[in-house]
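Residue-level listing of the chains:
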Amino acid sequence: MENDSKVLEDFSLKDMLHEYSEAEYAVNEDGTYTYDGIVYQYKLLYKSKDPAQIREFVTVLLSNSKDLTDDEVSNAGYMNRGEEERLKCVLIGSGCSKLSPENTEEDTSGVSEDLLPEPNWRTYSRNADGTYTCQGSVYRYRLLLTGVYRNGAVGSHKLILTNNKNLTYDAITEAMFSSRMEETRQLSGCVTVGEEFIPAENYTSIPLPENGTVIK
């Protein structure tokens, strides 16, 4: 593997991909990998993109072949495959390509009012002490959250009133679509007062290696 020109020595998946998650596996002394008792020679990156989405979806596989077919890549995550198929490759990680610009969260104190979304969801007022009141509740912070949720087709600017200055775009968007109690609780201390959608052409996907690239 050391002499393979396709090996990317300094490629950090966590740095290059959005919401990347990876299963546990062992890296052996000879440069191979062990997962679920099977030894694999290569760690490979594959990517795909739906025309209706902005981000590319990335899968990372352990494999004994660098010439996987589309079907083998697509089926790598199924746990009920036969032993022969399991020897070919296994899915160990997935995420989405990062975007330029990527998701951002900022306090609006340094942002011109003209650049903020109109309060098209709810009206609010600014108090003399710098807090904000909306529907009878008082909030300490007004945040501008900008981004694209996971592999969505469009991005947005969200104008949020909150008592949590560390609130993120992903966290509030996930909470809006979730029925899990721990996530919906995040909405109890904040309120969305305005939102503007961002055209897909305003985003550029950060370039990723070609399909089948070996990652060391």
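The rules we used
Residues numbered from 1 in each chain as written. Predicted model: local features only at pLDDT ≥ 70, side-chain atom pairs only at ≥ 80, totals over all residues. Heavy atoms only, no water. Helix = DSSP H or I, 4+ residues; strand = E, 2+ residues; numbered from the N terminus. Buried < 20%, exposed > 50% of the residue type's maximum accessible area, 1.4 Å probe, protein only. Contact = heavy atoms within 4.5 Å. Areas by Shrake-Rupley, 256 points an atom, 1.4 Å probe, with all protein chains shown as cover. Disulfide = S-S within 2.5 Å. Lys, Arg positive; Asp, Glu negative; His and termini not counted. Salt bridge = Lys/Arg side-chain N within 4 Å of Asp/Glu carboxyl O.

**Q** Would you take a moment to explain the overall build of the protein chain for this structure?
**A** The helix and strand inventory of the protein chain stands at five helices and 17 strands. Considering only C-alpha atoms, the protein chain reaches an extent of 65 × 35 × 30 Å along its principal axes. When each of the 216 residues of the protein chain is scored for burial, the buried share is 42%. Sequence separation of at least 24 residues holds for 64% of the intrachain contacts in the protein chain that already meet a minimum separation of 6. Of the roughly 12,200 Å² of accessible surface on the protein chain, a fraction of 48% belongs to carbon and sulfur atoms.

**Q** Looking at this structure, how should I read the state of the cysteines?
**A** A covalent bond between the sulfur atoms of two cysteines is what we call a disulfide. Inspection of the entire model under this criterion finds zero disulfides. Of all cysteine sulfurs, the one in cysteine 96 lies closest to cysteine 89, which takes part in no disulfide; the gap is 20 Å.

**Q** What is the right way to look at the side chain of glutamate 56 in this model?
**A** Tracing the backbone through its elements, the reader meets glutamate 56 in the loop between strand 5 (42-48) and strand 6 (57-63). It is lysine 47 that comes nearest to the buried, bridge-free glutamate 56 among opposite-charge side chains, at 4.1 Å. Contacts of glutamate 56, omitting those with residues within four sequence positions, involve Lys47, Ser48, Lys49, Gly95, Cys96, Ser97, Asn151, Ser205 and Leu208.

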